[in-house]
Amino acid sequence: MSPRDELALPGPAAPDPPPAGPDTDAIWSDAALAAALLAVDPAGLGGACLRARPGPARDAWLTLFRGLLPADAPVRRAPASLSEDRLLGGLDLAATLSAHRPVWSPGLLAEADGGAVILPMAERASAGLVAQLGAALDTGEARAERDGAGRVDPARFACIALDEGAEPDEAAAPALTDRLAFSLDLSALPRAAVPEEPLTDAPATVAEIEEARARLADLPACDELAEALTRAAEALGVAGLRAPLLALRCARAAAALLGAEAPGEIEAGLAARLVLAPRATQLPQPPPDAAEVEPDDPPPPSEPPQDGDAAETEEPERNRDAQLEDRVLEAAAAALPPDLLTRLAVAAAARTQVQHAGAGAERKAPTRGRP
Amino acid sequence: MTLAARIEFPFAAIVGQLEMKQALRIAAVDPTVGGVLVFGDRGTGKSTAVRALAALLPPIIVAPGSPWNLPPEADAPSETVPTPVVDLPLGATEDRVVGALDLERALTQGEKAFEPGLLARANRGFLYIDEVNLLEDHLVDLLLDVAASGENLVEREGLSVRHPARFVIVGSGNPEEGELRPQLLDRFGLSVEVGSPKNVAQRVEVIKRRDAFERDRHAFMAAWDDAQTAEREAIVAARARLPDVETPDATLACAAELCLALGADGLRGELTLIRAARALAALEGASQTEARHVRAIAPSALRHRLRRDPLDDTGSTARVERALAEAEATA
């Protein structure tokens, strides 16, 4: 019994979290699954954006993720105020002067090769830091041209961006989150739903993840899956082409983890739920030749009408593709957040704000810029 | 320190993005056009396309061991090297860009020697700047000076060196993340705006190709080898044809009228327009630059040179197209 309980002092007023139930359990289990998939393919999936205040939920997830990575995988923390020479590497002055030749000290990105970089306070990261991380995530290399040396070091890592924003419009930079496969919102998770020992109930053991990594390279190509995921992303209004690619890699990682021969419907549905649904900007429109027309009403989103079963088409191929696409879309639509429309309205308003507010906004000259 | 050669996604395998690919081809055919600026949202393949150009360009002949890729003297030995495409990475410091004291030699042998920087390596080639709108202002000024004069003058750390530095600047960036000064904008010859393909079939094709590339790079490159060779030969042929392409006065008048109608600042717009139109004619195999070439390349050449008009907030591309339509209506 802590002293606070004895004296029955009121704690800081906090919003009542929802009671632990199937919905909140689903939030944690999806997050745990994302951690396992990231451990299978950290560089390919890019990473995750974890939205949560510092607390037990966030710590539990990080413990789980670190536990699932191989024991020798480096995990580095990149504070928002990191200087560029610490990030990219620089000349080790003392060693240089004593050895009488240039001695390079590798930067954080090169040190994290094969592991992960954790970025706390991601919503306050400067544009330069975001750009450097983005470049390293895209190319898998850390390029430095500074301090009298030019170097290229391999830097394939997953970036875990810890988004500590309180207001809905404080969010990590879209340039960074676009490259991270998963977007996990643990802010509404009640204390009861967070497991005490995250690793005991993990979706996979470390050994299974090792096997999955070995299996990953041997999975065959899956063109119908690529097509279904791209069309689903289109239907959900997901901008850009990175999202379907990340979803495809997520489906592969899931197939490797589940021991499947090739990624199929289950893995595609999983990828759509975890990767595409958080980026959705519109509810999927029902197809024009649907048998029943259901009204598109705002939260909670209704499932799109079952098209694949009803339509009898001549070509079984086309039918099968359409069924796969519909299943994928259903899985994504079922996972759409209920307050999608309100969030979109907030995001649209936030886009007009300055990116790095709070740093003492700089004023650029009024004659700058394109007409 | 040598930079490991990366296998880049082949230029010929890029889906769509016709305006951007055309602008890059024109810059490859005629370097005096002045460089390309590629603006677009994230995930639209800007960096991919610009890096793909490196693999496409034909090799150049240099004097062996020349630090700034000088052509060999008559009857001197020569070697063939790939066209240099130098990346200007984020966080590059001025000493690495311009060139500075060779630290290793100074420390080990106590000698003062010049170590060439990125600008020296880019001579007779391309300089690629990713996230050009995040570039530091003093680096921007430096690049402006060198791009204007074609020469790099180094006065630092007790060194005084001058060497040729003629290159084509290619920049890519996301306009949402920051804006460029008009002086730097004007230095770029052509500008292109890219977006994700609107057509679902194209999007699916992009994903499929990217996935195939990542799973087995060598096989993918082998599959696209013929198309890449065809592209390269087209550029080489256009370069050979370029000096013979005539530009009649009617075409010059058309370009001048267009620039006047749009109120583009300075004469650089017209010069770029004519040079780009001529390169386009060479690529198409025409013997003369015609008004249709000028009209085709006008949006690329002019959209970033227009002055802000507080009374007109239509986008610059729309203004150029409106002026083109008016010119055609009156012609």
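Residues numbered from 1 in each chain as written. Chains lettered and ligands numbered in written order. Predicted model: local features only at pLDDT ≥ 70, side-chain atom pairs only at ≥ 80, totals over all residues. Heavy atoms only, no water.

**Observations regarding the overall build of chain B**
Tallying secondary structure elements over chain B gives 14 helices and 11 strands in all. In summary, chain B has a C-alpha radius of gyration of 21 Å against a globular reference of 20 Å for 331 residues, a match within 12%. The dimensions of chain B, computed from C-alpha atoms along their principal axes, are 70 × 45 × 45 Å. Of all 331 residues assigned to chain B, the portion counted as buried reaches 50%. Sequence separation of at least 24 residues holds for 73% of the intrachain contacts in chain B that already meet a minimum separation of 6. Just so you have it, chain B exposes about 15100 Å², and 51% of that area is on carbon and sulfur atoms. Both charge centroids of chain B, one from 37 positive and one from 50 negative side chains, sit 2 Å from each other. (Helix = DSSP H or I, 4+ residues; strand = E, 2+ residues; numbered from the N terminus. Rg over C-alpha atoms; globule rule 2.2 N^0.38 Å. Buried < 20%, exposed > 50% of the residue type's maximum accessible area, 1.4 Å probe, protein only. Contact = heavy atoms within 4.5 Å. Areas by Shrake-Rupley, 256 points an atom, 1.4 Å probe, with all protein chains shown as cover. Lys, Arg positive; Asp, Glu negative; His and termini not counted. Charge placed at Lys NZ, Arg CZ, Asp CG, Glu CD.)

**So, the environment of Ala-173 of chain A**
Mapped onto the secondary structure, Ala-173 of chain A falls in the loop between strand E8 (158-163) and helix H9 (174-177). Sequence separation of Ala-173 of chain A and Ala-131 of chain A is 42 residues, and the distance between their C-alpha atoms is 9.9 Å.

**So, the packing of helix H12 (residues 242-258) of chain A against helix H8 (residues 200-215) of chain B**
Angle between the axes and distance between the axes are the two parameters that describe a pair of packed helices. Here H12 of chain A crosses H8 of chain B at 50°, and the two axes come no closer than 10 Å. Taken together, the axes of H12 of chain A and H8 of chain B are oblique relative to one another. By crossing handedness, the relation of H12 of chain A to H8 of chain B is classed as right-handed. Contacts between H12 of chain A and H8 of chain B involve Pro-244, Leu-245, Leu-248, Arg-249 and Arg-252 of chain A from the former and Ile-207, Arg-210, Asp-211, Glu-214 and Arg-215 of chain B from the latter. In the contact of H12 of chain A with H8 of chain B, the residues fall into 4 nonpolar, no polar and 6 charged. (Axes fitted to C-alpha atoms, helices over the stretch in contact; angles between N-to-C directions. Parallel < 35°, antiparallel > 145°, perpendicular 65-115°, else oblique. Left-handed = near helix turned anticlockwise from the far one by under 90°. Nonpolar A, V, L, I, M, F, W, Y, C, P; charged D, E, K, R; others polar.)

**Some points on the environment of Arg-121 of chain B**
Residue and element names in this part refer to chain B. Mapped onto the fold, Arg-121 is located in helix H5 (residues 118-122). The class of Arg-121 is partly exposed, set by a relative accessible area of 31%. C-alpha of Arg-121 to C-alpha of Leu-306: the two residues are 185 residues apart in sequence and 33 Å apart in space.

**Concerning the packing of aromatic side chains**
Residue and element names in this part refer to chain B. Enumeration according to the criterion identifies 6 aromatic pairs over all chains in this entry. For the ring pair Phe-213 and Phe-220, a centre distance of 5.6 Å and an interplane angle of 65° mean the geometry is edge-to-face. The residues Phe-213 and Phe-220 share a single accessibility class, namely buried. By way of ring pairs, the aromatic residues Phe-9, Phe-213, Phe-220 and Trp-224 are connected into one cluster. (Phe/Tyr/Trp six-rings, centres within 6.5 Å; stacked < 30°, edge-to-face > 60°.)

**Digging into empty space enclosed by the protein**
According to the stated counting rule, one finds 6 cavities of 30 Å³ or more in the structure shown. What the largest cavity holds in volume is close to 220 Å³. In terms of lining residues, the largest cavity is bounded by 17 residues, among which Ala-135 and Arg-143 of chain A together with Arg-51, Pro-89 and Leu-90 of chain B are the most central. Looking at the lining of the largest cavity, the elements with two or more residues in it are helix H8 (127-139) and strand E6 (141-146) of chain A together with strand E4 (85-88) and strand E7 (125-130) of chain B. The greatest single-element share of the lining of the largest cavity, amounting to 4 residues, is contributed by H8 of chain A. (1 Å grid on protein atoms, 1.4 Å probe; cavity = no way out; pocket = protein on both sides within 12 Å on 5 of 7 lines; lining within 4 Å. Points joined across faces, edges and corners; volume = space filled by probe spheres on them.)

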